[in-house]
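# Tertiary structure, described
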Amino acid sequence: MTALIYDQTAPRKSAAQERGAYPDPARRVFINELVCEGCGDCSVKSNCLAVVPVETEFGRKRAIDQSACNKDYSCLDGMCRAS
């Protein structure tokens, strides 16, 4: 039998923030849709479900769903500078 354990700190940190056991950061990340090229590198690098595609008049862009954001800022690791 083989067991694969994937330990991700972001969900544990997010749950601790909801309980008040971990400080909630005052900083939030937003993506400027006028600068975003829609490449999706922010979601690829972070593997975060809070980075969602949004259809705009300029085409498909990315946005961060603040209610689902775990505030680990891993989406900033992408090459895009719109965030």
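This text follows the structure it describes.
Conventions adopted
- Residues numbered from 1 in each chain as written.
- Predicted model: local features only at pLDDT ≥ 70, side-chain atom pairs only at ≥ 80, totals over all residues.
- Heavy atoms only, no water.
- Salt bridge = Lys/Arg side-chain N within 4 Å of Asp/Glu carboxyl O.
- Buried < 20%, exposed > 50% of the residue type's maximum accessible area, 1.4 Å probe, protein only.
- Pairing = 2+ DSSP bridges.
- Helix = DSSP H or I, 4+ residues; strand = E, 2+ residues; numbered from the N terminus.
- Phe/Tyr/Trp six-rings, centres within 6.5 Å; stacked < 30°, edge-to-face > 60°.
- Lys NZ or Arg CZ within 6 Å of the ring centre and 35° of its normal.
- Polar contact = N/O pair within 3.5 Å; in protein donor to acceptor, adjacent residues only side chain to side chain.
- Contact = heavy atoms within 4.5 Å.
- Core = buried A, V, L, I, M, F, W, Y, C linked by side-chain atoms within 4.5 Å.

Inspection of every chain in the model, using the stated rule, returns one salt bridge. Its salt-bridge partner being Arg60, residue Glu55 comes within 2.8 Å of it at the nearest N-O pair. Judged by its relative accessible area of 55%, Glu55 is exposed.

Glancing now at the pairing of strand 2 (residues 59-64). Of the strand pairs in this sheet, strand 1 (residues 51-56) and strand 2 are connected by six bridges, and their pairing is antiparallel. Residue pairing across strands places Pro53 opposite Arg62, the latter belonging to strand 2. The hairpin formed by strand 1 and strand 2 contains two residues between the paired strands.

Only a minority of non-glycine residues have a phi that is not negative, and only a minority of peptide bonds are not trans. For Asn47, which is not glycine, the phi torsion reads 55° and is therefore positive. Relative to the assigned elements, Asn47 resides in the loop between helix 2 (41-46) and strand 1. At Tyr73, a position not held by glycine, the phi torsion is positive, near 60°. By secondary structure assignment, the location of Tyr73 is in the segment after strand 2.

For any pair of aromatic rings, the description consists of the separation of the ring centres together with the inter-plane angle of the planes. Summed over all chains, the structure comprises zero aromatic pairs. Positioned above the aromatic ring of Tyr73 is the side chain of Arg27, whose terminal nitrogen or guanidinium carbon lies 4.2 Å from the ring centre.

This part covers the side chain of Thr56. Inspection of the secondary structure puts Thr56 in strand 1. Within the local environment of Thr56, its side chain forms a polar contact with the backbone nitrogen of Phe58, the two atoms lying 3.1 Å apart.

With that out of the way, let us pick up the side chain of Ser43. Along the chain, Ser43 turns up in helix 2. Looking at Ser43, its side chain comes within polar contact range of the main-chain oxygen of Gly40, at 2.9 Å. If sequence neighbours within four positions are ignored, Ser43 has contacts with Cys48, Val51 and Arg62.

Attention shifts here to the nonpolar core. With 10 residues, the main nonpolar core is built from Val29, Ile31, Cys36, Cys42, Cys48, Ala50, Val51, Ile64, Cys69 and Cys75. When residues no more than four places from it in sequence are discounted, the contact partners of Ile64 are Val29, Phe30, Ile31, Ala50, Val51, Cys69 and Cys75.

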